Amino acid sequence: TLQSTGFSTRVTLSNKSHNIGALVTNYRVDLTVFSADGASNTYFEGVAHLPADAVVRLDCTQWQTHAAEDQVMIFHLMPLRLLPAASAEGEVDLDRSEIWSLFTAQDHYVEYYRPDGFSSGVLYQSGAFNYRKFSREETTVIQAPKVFISSTIDTVLSILHTSFELGYNRDAVLRCTLLNEKASPVARWTNRIKPFTAQLISMKDKALASGGKAFTDGIPKAYTLLAFCENAALLPLILNVDRVRGTLAVEHSLPPMYYGQSVTGSVRAKMIADL
């Protein structure tokens, strides 16, 4: 959520399982709402029903518990055709390929809005795995040549740290460098992100804190953010914010594998070692 910036949050959840044949299923939508510090959470069962080839739109305001603070909310799509086979602990035996098929069949939409009707949103599939039964790649590489700063404009990195593992308690360490249009570093810093929390990092604040000149005109200057986390997979959202109008544009930063199918295994390992 973006309560700290005065925005409310809606999500639109999508069920496209009908596109994968025998795996078609309706979903029961459950929800976990975390406290602002990630230390506690509340679980809600059955907040919505999501049939195949349908969407459901939910306003997150009803579950907010910490005014003016950002909270992580995780929506769980529970396949109704699998629930009867669940154990007393709520677990089922499931092939990894089936999870992957259901997971990649759909995108969901998160939307930040104001009472006056303004809204901005982005499509994405999931938070970070950090779940070793599913993926052992627990690093994050961010290269975002879309940072713009002026007297009125700021780019804010929203970084989320989540996991599918029970009892997950690892802090993520994110090392960042901000480069100017000549590819020269203007700021370097490190953020520690607790599990099941989100942080908002202002690029303008980082540039000014490192001795940068004040931004006195309305012409945006372009920067590139490079960031690397070795011990956790994180989900970055880029928010370009107009501080005067109180508006924003939101987009995500895709992982390297989206830009080349070979960015896995030994290629990925070498890239991480070089960084």
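Please refer to the structure higher up on the page.
Residues numbered from 1 in each chain as written. Predicted model: local features only at pLDDT ≥ 70, side-chain atom pairs only at ≥ 80, totals over all residues. Heavy atoms only, no water.

A. Representation of the sheet that holds strand β15 (residues 247–252) in the model. Spatially, β12-β9-β14-β15 is the arrangement adopted by the 4 strands of the open sheet, whose pairing is antiparallel. Edge positions in the open sheet fall to β12 (197–202) and β15, since each of these has one partner strand only. Strand-to-strand twist in this sheet, taken as the mean axis angle between neighbours without regard to direction, amounts to 25 degrees. Pairing of strand β9 (residues 153–161) with β12, which is carried by 6 bridges, proceeds in the antiparallel orientation. Each bridged residue has a counterpart across the sheet, and for H161 the counterpart in β12 is T197. (Pairing = 2+ DSSP bridges. Helix = DSSP H or I, 4+ residues; strand = E, 2+ residues; numbered from the N terminus. Axes fitted to C-alpha atoms, helices over the stretch in contact; angles between N-to-C directions.)

B. View of the pattern of salt bridges. In total, this model carries 15 salt bridges according to the counting rule given. Between D30 and R28 there is a salt bridge, with its nearest N and O atoms 2.8 Å apart. One salt bridge in this structure joins E138 and R170, with 3.0 Å as the shortest N-O distance. With E138 in the loop between β7 (119–124) and β8 (140–149) and R170 in the loop between β9 and β10 (172–179), this residue pair connects regions lying 32 residues apart in the sequence. One salt-bridge network, in which partners are shared between bridges, spans R28, D30 and E45. (Salt bridge = Lys/Arg side-chain N within 4 Å of Asp/Glu carboxyl O.)

C. The arrangement of the side chain of D30 in detail. Its location among the elements puts D30 in strand β2 (residues 27–34). Judged by its relative accessible area of 0%, D30 is buried. There is a polar contact of 2.7 Å between the side chain of D30 and the side chain of Y43. (Buried < 20%, exposed > 50% of the residue type's maximum accessible area, 1.4 Å probe, protein only. Polar contact = N/O pair within 3.5 Å; in protein donor to acceptor, adjacent residues only side chain to side chain.)

D. How the structure looks around a nonpolar patch on the surface. Side chains of V92, L94 and I99 sit close together on the surface and give an oily, nonpolar patch of about 190 Å² of accessible area. You can see L94 is positioned in the loop between β5 (73–79) and α1 (96–104). Residue L94 is classed as partly exposed on the basis of its relative accessible area, which comes to 32%. (Patch = residues over 30% accessible without salt bridge, like charges linked within 9 Å, V, L, I, M, F, W, Y side chains within 5 Å. Areas by Shrake-Rupley, 256 points an atom, 1.4 Å probe, with all protein chains shown as cover.)

E. A look at the packing of aromatic side chains. Applying the stated criterion to the full structure yields 10 aromatic pairs. For the ring pair W100 and F134, a centre distance of 5.8 Å and an interplane angle of 40 degrees mean the geometry is tilted. Of the two residues, W100 sits in helix α1 while F134 sits in the loop between β7 and β8, which places them 34 residues apart along the sequence. By relative accessible area, which is 6% here, F134 ends up buried. Geometrically, the ring pair formed by F129 and F134 is edge-to-face, given 4.8 Å between the ring centres and 85 degrees between the ring planes. A single burial state applies to F129 and to F134, both of which are buried. Among the aromatic side chains, those forming a connected cluster through ring pairs are W100, F103, F129, Y131, F134 and F164. Of note, R10 hangs over the ring of Y113, and the distance from its end group to the ring centre comes to 3.8 Å. The cationic tip of R96 hangs over the ring face of F134; the distance from NZ or CZ to the ring centre is 4.8 Å. (Phe/Tyr/Trp six-rings, centres within 6.5 Å; stacked < 30°, edge-to-face > 60°. Lys NZ or Arg CZ within 6 Å of the ring centre and 35° of its normal.)

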